[in-house]
Amino acid sequence: IHAETELPFKMAPLIFISTVITHLFGGSAGREGAALQLGGSIGNQLGRWFRLDDRDRRILVMCGMSAAFSAIFGTPIAAVVFAVSVGVMYYAALVPCVFASLISFKVANHMGIGPNVFHLLDVPSFQLLPSVKVIVLAMLCAGLSVLFCIILHSLGDVYRAKLKNPYVRILFSAVIIILLTLCLQTDDYMGAGVPVIAR
């Protein structure tokens, strides 16, 4: 949204194909990034076709991001808030993104594509001590997530420095994941992780 570099339209099919291949072979790739890149590149291309200026094209990129995120996850309002608040709140995009998000949500539902639904068997009554424990657990999980992101980015920098060829990096990473899967004797970390969440 904020970068000066051009967002190529070929990114849309490439992201779609690479995500499908990753999921088919058990790779742990989330759908969030793919949805945002797919929708953003389509929105940018529409802006180019309609010869919109830079400001309006950015709004169309956000509309595409909102639409794709909403269609995949079934969360139209969250999709809008996420797209228009990347870095800086972009108020001019709010209404167009709401329309794009709601329309794509309805189209996806009409086509039978719904969000993942997790059924809660029992909702416990509110108690102070368990609530404090949940808050502490949430804070620890947030800290762990930050640490994971830092390690992931640092590891990516090391990979790029040591293994210059991107195909060698992909092959090397795949071998590590296969070895870890065999050593740990579990496929819980393969795919999008929905069965783990459901359990």
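Residues numbered from 1 in each chain as written. Predicted model: local features only at pLDDT ≥ 70, side-chain atom pairs only at ≥ 80, totals over all residues. Heavy atoms only, no water.

Undergrad: Help me out: how do you make sense of the packing of aromatic side chains in this one?
TA: In this description, a pair of aromatic rings is defined by centroid distance and the angle of the planes. Taken as a whole and judged by the stated rule, the model has four aromatic pairs. Seen from their ring centres, phenylalanine 69 and phenylalanine 73 are 4.7 Å apart, and the 40 degrees between their planes marks the pair as tilted. In this pair, phenylalanine 69 and phenylalanine 73 are both assigned in helix α3 (residues 54–73), four residues apart and thus about one turn of the helix distant. Summarising the burial analysis for this pair, phenylalanine 69 and phenylalanine 73 share the class buried. Site record: aromatic cluster; members linked through ring pairs are Phe69, Phe73 and Phe82. (Phe/Tyr/Trp six-rings, centres within 6.5 Å; stacked < 30°, edge-to-face > 60°. Helix = DSSP H or I, 4+ residues; strand = E, 2+ residues; numbered from the N terminus. Buried < 20%, exposed > 50% of the residue type's maximum accessible area, 1.4 Å probe, protein only.)

Undergrad: Is there a simple way to explain a nonpolar patch on the surface in this structure?
TA: On the surface, Tyr91, Leu94, Val95, Phe99, Ile103, Val107, Met111 and Ile113 cluster together into a nonpolar patch covering about 850 Å² of accessible area. Along the chain, valine 95 turns up in helix α5 (residues 94–110). Valine 95 gets classed as exposed once you look at its relative accessible area, which sits at 53%. (Patch = residues over 30% accessible without salt bridge, like charges linked within 9 Å, V, L, I, M, F, W, Y side chains within 5 Å. Areas by Shrake-Rupley, 256 points an atom, 1.4 Å probe, with all protein chains shown as cover. Salt bridge = Lys/Arg side-chain N within 4 Å of Asp/Glu carboxyl O.)

Undergrad: Would you explain helix α1 (residues 11–24) in this entry?
TA: Note on helix geometry: an α-helix contains 3.6 residues per turn, so any two residues three or four positions apart are oriented the same way. Taking 1.5 Å of rise per residue, 14 residues should cover 20 Å, and α1 covers 20 Å from first to last C-alpha, within 8% of that figure. The set of residues buried in α1 consists of Ala12, Ile15 and Thr19. Seen end-on, α1 carries its buried residues on one side only, within an arc spanning 70 degrees. Of the residues in α1, the exposed ones pointing more than 90 degrees away from the buried face are Leu14 and Leu24. Buried residues along α1 sit against α2 (31–49). (Expected span 1.5 Å × (residues − 1). Arc of directions from axis to C-beta. Contact = heavy atoms within 4.5 Å.)

Undergrad: Would you mind showing me how to read the nonpolar core here?
TA: Most often, soluble globular proteins keep nonpolar side chains buried together rather than apart. Within the largest apolar cluster, 17 residues are counted, with the highest numbers of intra-cluster contacts made by Met62, Val84, Ala93 and Cys97. When residues of this core are traced back to their parent elements, those giving at least two are α3, α4 (76–84) and α5. In this structure, cysteine 97 is in contact with Met62, Cys63, Ser66, Val80 and Val84, ignoring residues within four places of it in sequence. (Core = buried A, V, L, I, M, F, W, Y, C linked by side-chain atoms within 4.5 Å.)

Undergrad: Can you walk me through the environment of aspartate 53 in this structure?
TA: You can see aspartate 53 is positioned in the loop between α2 and α3. Sequence separation of aspartate 53 and proline 115 is 62 residues, and the distance between their C-alpha atoms is 35 Å.

Undergrad: Before we go on, may I ask you to explain unusual backbone geometry in this structure?
TA: Negative phi characterises most residues that are not glycine, and trans characterises most peptide bonds. Phi angles above zero are rare outside glycine, and arginine 51 is one such case at about 55 degrees. Locating arginine 51 in the fold gives a position in the loop between α2 and α3. We note that glutamine 185 has phi near 55 degrees; this positive angle belongs to a residue other than glycine. Among the structural elements, glutamine 185 can be located in the loop between α7 (166–184) and α8 (194–198).

Undergrad: Where do I start with α2 in this structure?
TA: Between its terminal C-alpha atoms α2 stretches 27 Å, which fits the 27 Å expected from 19 residues at 1.5 Å a residue. Within α2, burial applies to Ala34, Ala35, Leu36, Gly39, Gly40, Ser41, Gly43, Asn44, Gln45 and Gly47. Looking one or two residues beyond α2, the residue adopting positive phi is arginine 51, at roughly 55 degrees.

Undergrad: Looking at this model, I keep getting lost on the confidence of the model for the chain. Mind explaining?
TA: Residues shown with low pLDDT carry predicted positions that ought not to be read at fine detail. Mean pLDDT over the chain stands at 86; residues scoring 70 or higher make up 94%. Per-element confidence in the chain ranges from a low mean pLDDT of 78 for α8 to a high of 94 for α5. (pLDDT = per-residue confidence, 0-100.)

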